[in-house]
Amino acid sequence: MKIDYPVLPSYGDNPTEEEKERTIASYYGHQNRHGFYPVGSSNTWHGGIHIEDFGTNVSAIADGRIIAYRIPEKYLHEKDNKDIKYSNGFILIQHHYKTPKGVALRFYSLYMHLQPKAEMIKNKGKSIPDLYAKYTTKVKTATKEIGLKVREYCEDHKTKDDAKEKVFVPKGSLIKKENITPPKGHWMENNTSYVFCSYQGEILIALKSWTTDHGENHYQISHTKAKDKNTFNANAPKGTMVFDTINGTYIGMECAETALEVEKTKDKNWYKIKGRTQYVMVADCEPLTKQIKDDVVFNEVQNVDVPITAGQIIGVPSRYESNASKGYTTVHIEVFTDDSGIHEFINNTQDNDRTSYEVAKEQLLQVGKPCNFLKADTKVKIYQIKDDYTQIGFEDVSCKIEDKTTHLHWTKKVAVYVNGKKTTKPTYTIVGEHFEEVNTALENLLPSTDTKVYLKFQGTGNKRTIGYGTAQSGKKYWVKTSEVTGEVGNWVALSQDISVVYEQQPTADTADSKAKKTAKIRKKATTKDSANTEWWLIKTKDNEQGWVKKSDLTKKNPYHWADYGWEILEDTGNQYFYMFGEYVEKSEPHDFIKKIWELADSDGDKELSNYELQQAVSTKDTIDILSKLICKHQSEWNTWANISDFEQELIEVHKKGINEAKGTDDKGNDLKQKLEQQRDAKIEMFKDKIKHLCFWQDIKNGEIVPMQQRREAYIDSKYNPTHRIFPKGTSAKEILLGKEFDELEKERDKRQFPTDSNVYHLHAISFIEQMKMIVGDGGKMKSVLEEMKLLVNKHIPYSQQGERSSLSDEGLAALDCSETVGIYLHKLGCMPKYKAIHTGIMTTEADFRKAIGSNKIQFVEGSDKADFIPESGDIFVWRSGGGHTGIVYKYDEKKDAVWIMEAIGKSGARKPMEAYNRENGGYNKTWCTRTSVYKRDSSALTKHDGWKGYFRPINY
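Below is a summary of the structure that appears in this document. (Residues numbered from 1 in each chain as written. Predicted model: local features only at pLDDT ≥ 70, side-chain atom pairs only at ≥ 80, totals over all residues. Heavy atoms only, no water.)

A separate point is the overall build of the protein chain. The secondary structure content of the protein chain amounts to 18 helices and 53 strands. Here the protein chain has a C-alpha radius of gyration of 38 Å; the compact-globule value for 956 residues is 30 Å, and the former is much larger. Across its three principal directions, the C-alpha atoms of the protein chain cover 125 × 110 × 50 Å. In the protein chain, buried positions account for 47% of the 956 residues. With an accessible surface of roughly 48400 Å², the protein chain has 46% of that area assigned to carbon and sulfur atoms. Separation of charge centres in the protein chain, based on 139 positive and 137 negative side chains, amounts to 6 Å. (Helix = DSSP H or I, 4+ residues; strand = E, 2+ residues; numbered from the N terminus. Rg over C-alpha atoms; globule rule 2.2 N^0.38 Å. Buried < 20%, exposed > 50% of the residue type's maximum accessible area, 1.4 Å probe, protein only. Areas by Shrake-Rupley, 256 points an atom, 1.4 Å probe, with all protein chains shown as cover. Lys, Arg positive; Asp, Glu negative; His and termini not counted. Charge placed at Lys NZ, Arg CZ, Asp CG, Glu CD.)

Structural data, given as structure tokens:
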């Protein structure tokens, strides 16, 4: 499922994290004039939030289906007050989400106070959402058919001029290739500028440059080069040409001034004619006119079943005025559910693929790296001494041996450390009687007499230069000068354990710091201290960085909402007005409102005012708490069903003021009676408004379109021939499509709506933020992974030749591993322009980013280690001479196996992983694209020579 904001954030160019946070925070609604969650500005229940004065498009927050809508033709007015306008237009969407482990939630999103028809059609219908829109145009051209004049074929013709232009073939049409051998002396002998063809059964000759190959057997008359006009048929219709597909085959004409209802296509140069599989060129049409569809019904609730995707525009904020808020523009957005599985859903511990860590505010961020390898007696080299700090480190050492036969024992080629990297080299051990001599020359670094040294340089005769190194070779650290004694350039043995090192020379500006706020972190590196405690080098979105014990970080699982402070309140009183304090004498507030008051009583006097409440809901910490309350309460959109209760509450709200009224006003009117009249007028106004706003009782529960009707529509959408041989529904194709529909129906989420309006309400933006942590930004990654799986499972032949920088049919005719990864990155939007890449530029983050032309890829710290577990969407790379790369489709925790999408060569994966792949569900052939299955820590992945690790697309 894709999740998105109802109003897309607008940050400007290169926003900071603070700017992003401020923008999103404004959507929470508590900075508004009205419309807070869950208690509004007049201490009334408010199950949603208002997004005010944006004057922008409002979009669906998640994939789902529209189950009802209402569009007023014009603004409504408050009873007896024509100056106050409001809209009761809304869209109601039903959503279903299921976690990877199958924990499900059905929920609904509501968008209330959307623009009425009168507002939408202003400015040439600019604000009409595509959901309700139809696009019309007129054919503006009055030209004859454009195409190619082809010449007749006669065996007697000696020159081109002998062959008259005989037939006009419209552009887009197909002509059949013909293999003709002309007689000697014919003008077509050895002529490569023209081709033989047949059209409507006649052999003809066409200019090759105005045709393109169309499969093995046909040419197509080129769209871009064929500019001849039909002069053979004087009565040929004038207008614009019509084709069966984009850049397809000519099928007829639409005359000038013909009105067409069209749909936009992915190709900006083409329109599709509505209701027909026919296409016309944009250049041949007048500018589009946007209107409301003919089948849209106004002023009444319409029950529908229309699929919709997150981010699809559904309306524009509209007027919702009162005497105190004239000109007020807003959209009310609400998320609610009646799903009894809400408790299981927010307390889900089954899913854990999105676990993250947070650093707490005030947590110490240590600059020095914890260390467990600098033990007493460890030999280190001193490089620099600067005041309080000394730079130490490790490097390979070497010495010359004059006679290898007396000093060295040949062993064999084995893997040893050379300059910190394991490399296969010829090796020796030292002859016992010469060990001390050689070890002294090697700075006494050899730990034992059987330690292997490697051949560094082979001199003349028996002369050899040997070397010795460790995994630490090449690494340097700064330590306190008091912890090491010696002179620069010398190797020394440490006199004590060193527990902290610095990778850069410490200065006054590199002191330890404390985290400024609680924040989500990214792990950059790990290490262990002398007590074997794990430490992480972390970085926050605000670029705070330092070493922290893993145990001091907070592990959070976004599937377990309680980790983030979410709480379900089963009893919120179900009243509309929460009366307290100065409003109702001796009132006893509900426990729900007491909970909010605990946050709002800023002066601690136990007398909670409306002002204090508004102050509380404008502070970040309080907003965070309030926005994570899941409140079970009667929906305000069913208030009409309980209007007598609402009326009684309103009477109670006014009781105190009326009871205390005494005397008359300056006109002699009895004050008490006057207040009663004002109260009654207000009650009538509210009742009228509520009647027009409520909709709950008008929503039908259950399917709108019967299954059999949906079944027939599905079959017709896939198969509806012009001429039938068998009665409808009896052909083999229709029977097969019927079975296909039946299988899809089993998985289909049924249309439904709660009859009981006592439902669980969630703060819309806070809900979106939590769901984004679960599904990722917009869920694009999942959809692209599914696209890629379909692509690689076509088992496209493997090749490193041919067209490598195109997504055309030719480019996709064969693929290698890096081309496959390139397609994936392009579909994600990480590589703006698809082009050829190779594993040689995929070994470092900087090179990878430069090659794809964006920074939307990062190396995953620690992914070069054997214990790393990749995520779906990660890209692995190894490079050793040649190289290989592929995309992680998923990780199987039980088998500790990784499903990989790749293009693989003829030999397949290294044994025994090729056998493992075949035995565990991977595709069993090589030399093609495929989905493979490998053990996570195996010779196919982390144990392969030249293993680099995993790269991860950013923000998907």
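Picking up where we left off.
What follows covers the sheet that holds strand S41 (residues 519-528). Spatial ordering of the open sheet is given by S43-S42-S41-S27-S44, a layout of five strands whose pairing is antiparallel. The outermost strands of the open sheet, each flanked by one partner alone, are strand S43 (545-549) and strand S44 (554-556). Strand-to-strand twist in this sheet, taken as the mean axis angle between neighbours without regard to direction, amounts to 45°. Pairing geometry for strand S27 (residues 356-359) and S41, over two bridges, is antiparallel. (Pairing = 2+ DSSP bridges. Axes fitted to C-alpha atoms, helices over the stretch in contact; angles between N-to-C directions.)

As a further point, take the nonpolar core. In this structure, Ile91, Tyr111 and Trp561 are the most contacted members of the largest nonpolar core, which totals 64 residues. Sort the elements by how many residues they give to this core and helix H14 (residues 764-775) lands first, with seven residues. Not counting residues up to four positions away in its chain, the partners in contact with Trp561 are Phe345, Ile346, Trp566, Leu762, Phe767, Gln770, Met771 and Ile774. (Core = buried A, V, L, I, M, F, W, Y, C linked by side-chain atoms within 4.5 Å. Contact = heavy atoms within 4.5 Å.)

Let us look at helix H11 (residues 671-693). In a regular helix each residue adds 1.5 Å, so 23 residues correspond to 33 Å; H11 covers 33 Å between its end C-alpha atoms and thus fits that length. Regarding H11, the residues found buried are Arg679, Ile683, Met685, Lys687, Lys689, Ile690 and Leu693. If you check the start of H11, you find a side-chain oxygen 3.2 Å away from the backbone N of Lys672, and it comes from Asp670. (Expected span 1.5 Å × (residues − 1). Polar contact = N/O pair within 3.5 Å; in protein donor to acceptor, adjacent residues only side chain to side chain.)

Centre distance and the angle of the planes are the two values used to describe a pair of aromatic rings. Considering all chains together, one arrives at 36 aromatic pairs under this definition. Aromatic side chains Trp947 and Tyr950 sit 5.4 Å apart centroid to centroid with 75° between the ring planes, which places their arrangement in the edge-to-face category. Assigned by exposure class, Trp947 and Tyr950 land together as buried. By way of ring pairs, the aromatic residues Phe90, Tyr108, Phe336, Trp637, Phe695, Trp696 and Phe753 are connected into one cluster. When the ring centre of Tyr564 is taken as origin, the NZ or CZ atom of Lys556, which lies over that ring, is 4.5 Å away. The ring of Tyr320 has Lys689 sitting right over it, with the charged end atom 4.7 Å from the ring centre. (Phe/Tyr/Trp six-rings, centres within 6.5 Å; stacked < 30°, edge-to-face > 60°. Lys NZ or Arg CZ within 6 Å of the ring centre and 35° of its normal.)

Glancing now at the environment of Phe435. The topology assignment puts Phe435 in helix H6 (residues 435-441). With residues near it in sequence (within four places) discarded, Phe435 still touches Ile430, Leu446, Ser448 and Thr449.

So, on to the sheet that holds strand S33 (residues 408-418). Overall, antiparallel pairing links the five strands, which are arranged S32-S36-S35-S34-S33 in an open sheet. On the outer flanks of this sheet lie strand S32 (397-401) and S33, each paired with one strand and no other. On average, each strand axis in the sheet is inclined to that of its neighbour by 45°, with strand direction left out of account. Where strand S35 (residues 453-458) and strand S36 (residues 464-468) come together, four bridges link them in antiparallel fashion. By the bridge assignment, Phe457 is partnered in S36 with Thr465.

All right, on to the side chain of Asn230 then. Along the chain, Asn230 turns up in the loop between strand S16 (228-229) and strand S17 (239-243). On the basis of relative accessibility, which here comes to 5%, the residue Asn230 falls in the buried class. Within the structure, the side chain of Asn230 is placed 3.0 Å from the backbone nitrogen of Phe232, a separation counted as a polar contact. A polar side-chain atom of Asn230 sits 3.1 Å from the main-chain amide nitrogen of Asn233. Residues in contact with Asn230, not counting those within four places in the same chain, are Lys144, Glu145, Phe168 and Ala236.

With that out of the way, let us pick up unusual backbone geometry. Cis geometry is adopted by the peptide bond preceding Pro38, which originates at Tyr37 and carries an omega value of 0°. Lys911 connects to Pro912 through a cis peptide bond whose omega is 5°. Here Pro912 is to be found in the loop between strand S51 (897-904) and helix H18 (913-919). The phi angle at Asn190 is positive, at roughly 60°, despite the residue not being glycine. Mapped onto the elements, Asn190 comes out in the loop between strand S11 (174-177) and strand S12 (194-199). Its identity is not glycine, yet Glu443 carries a phi of approximately 60°, on the positive side.

Within strand S42 (residues 534-540), five of the seven residues are buried, which leaves the element mostly enclosed by the surrounding structure. The pairing of S41 with S42 spans seven bridges and is antiparallel. Its bridge partner being in S42, Ala525 is matched across the sheet by Leu537. Hairpin connection, S41 to S42: the antiparallel pair is bridged by five residues, and Asn532 has positive phi, about 65°. By the bridge criterion, five bridges tie S42 to S43 in an arrangement that is antiparallel. Note that in S43 the partner of Lys539 across the bridge is Gln545. In sequence, S42 turns back onto S43 through a hairpin of four residues, with Asn543 there showing a positive phi of about 65°.

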